[in-house]
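# Residue-level structure breakdown
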Amino acid sequence: DGGITQSPKYLFRKEGQNVTLSCEQNLNHDAMYWYRQDPGQGLRLIYYSQIVNDFQKGDIAEGYSVSREKKESFPLTVTSAQKNPTAFYLCASSIGSGVTQYFGPGTRLLVL
Amino acid sequence: QKEVEQNSGPLSVPEGAIASLNCTYSDRGSQSFFWYRQYSGKSPELIMFIYSNGDKEDGRFTAQLNKASQYVSLLIRDSQPSDSATYLCAVSQGNNRLAFGKGNQVVVIP
């Protein structure tokens, strides 16, 4: 059963805490992406990776970090430097860059 | 900043009618265009993509692309209550990314 999984579905962050969102795909896609969606807003790109061990900043990378050690996995860490982290986080992947992106189910991050 | 604009407010259509959504983009170099549907609280799912000028039909959905005028549209024929969702327009950018519009909410009234 191929697809993109994200965990957890809901995540609560305390002040000053770093949290990591998981994204895994078994589609054999080369490219992976992290987006943030705020209510009534479109998707804003945080980071993307076109190949293992390489990634680029998107439009709103400050306060976030990523790694791409395996083709299947692209975890996102929301650091304490991100002062307004409450949002819906979406992971996506594509066969190549610039072509159709497929999305995981998302993680909703809330601040306690 | 290369932009994708979806300016229309929420669109209410009677069941069985045609819903028409428009999207304009600023990057003349864009080659690929996508429409995603997003139900409330869920992630976007791809419903159409189009690369060439003209129309592309898939079931009740038709995408229309006009690169000279830099717009792409989506028509939903015979609208059903299950079509009630937010529709996101996405446009490829030269740096191997997609730019997304803010979306248009469609409400199909039974």
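This text goes with the structure placed above it.
Summarised in this report is the structure supplied together with it.

Cut-offs applied
Residues numbered from 1 in each chain as written. Chains lettered and ligands numbered in written order. Predicted model: local features only at pLDDT ≥ 70, side-chain atom pairs only at ≥ 80, totals over all residues. Heavy atoms only, no water. Helix = DSSP H or I, 4+ residues; strand = E, 2+ residues; numbered from the N terminus. Rg over C-alpha atoms; globule rule 2.2 N^0.38 Å. 1 Å grid on protein atoms, 1.4 Å probe; cavity = no way out; pocket = protein on both sides within 12 Å on 5 of 7 lines; lining within 4 Å. Points joined across faces, edges and corners; volume = space filled by probe spheres on them. Nonpolar A, V, L, I, M, F, W, Y, C, P; charged D, E, K, R; others polar. Pairing = 2+ DSSP bridges. Axes fitted to C-alpha atoms, helices over the stretch in contact; angles between N-to-C directions. Patch = residues over 30% accessible without salt bridge, like charges linked within 9 Å, V, L, I, M, F, W, Y side chains within 5 Å. Areas by Shrake-Rupley, 256 points an atom, 1.4 Å probe, with all protein chains shown as cover. Salt bridge = Lys/Arg side-chain N within 4 Å of Asp/Glu carboxyl O. Buried < 20%, exposed > 50% of the residue type's maximum accessible area, 1.4 Å probe, protein only. Core = buried A, V, L, I, M, F, W, Y, C linked by side-chain atoms within 4.5 Å. Contact = heavy atoms within 4.5 Å. Buried area = accessible area lost by both parts, 1.4 Å probe. Polar contact = N/O pair within 3.5 Å; in protein donor to acceptor, adjacent residues only side chain to side chain.

### With respect to the overall build of chain A
Tallying secondary structure elements over chain A gives zero helices and eleven strands in all. Mapped in sequence order, the helices and strands of chain A form the string β-β-β-β-β-β-β-β-β-β-β. The globule rule puts the C-alpha radius of gyration for 112 residues at 13 Å, and the 13 Å found for chain A is close to it. Its C-alpha atoms put chain A at 35 × 25 × 25 Å along the principal axes.

### Describing the layout of surface pockets
For the second largest pocket, the calculated volume is near 370 Å³. Taken together, 18 residues line the second largest pocket, and the ones lying closest to its centre are Gln37, Asp38, Pro39 and Gly40 of chain A together with Gln38 of chain B. Elements with a minimum of two residues in the lining of the second largest pocket: β9 (87–94) and β11 (107–111) of chain A. Here the lining of the second largest pocket is composed, by residue class, of five nonpolar, nine polar and four charged.

### So, the sheet that holds strand β7 (residues 64–66) of chain A
Residue and element names in this part refer to chain A. Pairing within the open sheet is antiparallel, and its four strands lie in the order β1-β3-β8-β7. Whereas interior strands pair on both sides, the edge strands pair on one side only; in this sheet they are β1 (4–7) and β7. When the angles between neighbouring strand axes are averaged without regard to direction, this sheet yields 20°. Bridge count for β1 against strand β3 (residues 19–25) is four bridges, and the pairing is antiparallel. Residue pairing across strands places Ser7 opposite Ser22, the latter belonging to β3.

### Side note on a nonpolar patch on the surface
Residues and elements named next belong to chain A. Taken together, the side chains of Tyr10, Phe12, Leu110 and Leu112 present a nonpolar region at the surface, about 420 Å² in accessible area. Structurally, the position occupied by Tyr10 is in strand β2 (residues 10–13). Since its relative accessible area comes to 47%, Tyr10 is described here as partly exposed.

### Observations regarding the sheet that holds strand β1 (residues 4–5) of chain B
What links the strands of a sheet is backbone hydrogen bonding, and the strands pair in either a parallel or an antiparallel sense. Residues and elements named next belong to chain B. Taken in spatial order, the five strands line up as β1-β3-β8-β7-β6 in an open sheet, and their pairing is antiparallel. What marks the edges here is a single partner per strand, and that holds for β1 and β6 (54–58). Direction of pairing for β1 relative to strand β3 (residues 19–25): antiparallel, over a ladder of two bridges. Looking across to β3, one finds that Val4 is bridged to Tyr25.

### Details of the environment of Pro39 of chain A
All names here are of chain A. Along the chain, Pro39 turns up in the loop between β4 (31–37) and β5 (43–51). Under the relative-accessibility criterion, Pro39 is labelled exposed at 78%. Separated by 54 residues in the primary sequence, Pro39 and Ser93 have C-alpha atoms spaced 23 Å apart.

### Focus: the nonpolar core
In this structure, Trp35, Val72, Leu74 and Tyr87 of chain B are the most contacted members of the largest nonpolar core, which totals 24 residues. Secondary structure elements with two or more residues in this core: β3, β4 (33–38), β5 (45–50), β7 (61–66), β8 (71–76), β9 (85–93) and β11 (104–109) of chain B. Among all residues touching Val72 of chain B, those that are not within four sequence positions of it are Leu21, Asn22, Cys23, Phe33, Trp35, Ile50, Gln64, Leu65 and Cys89 of chain B. If you look at the next biggest cluster of nonpolar residues, it comprises 20 residues, including Leu11, Leu21, Trp34 and Tyr47 of chain A.

### What about the interface of chain A and chain B?
The interface is formed by 25 residues belonging to chain A together with 20 residues belonging to chain B. Summed over both sides, the interface of chain A with chain B buries roughly 1600 Å², with 51% coming from carbon and sulfur. Put simply, chain A and chain B have one salt bridge between them. Between Arg97 of chain B and Asp59 of chain A there is a salt bridge; the shortest N-O distance is 2.7 Å. At the surface where chain A touches chain B, the tally comes to four residue pairs in polar contact (both at pLDDT 80 or more). Put simply, the parts of the chain that give the side of chain A that touches chain B at least two residues each are β4, β5, β9 and β10 (102–103) of chain A. A per-element tally of the side of chain A that touches chain B places β5 of chain A first, with four residues.

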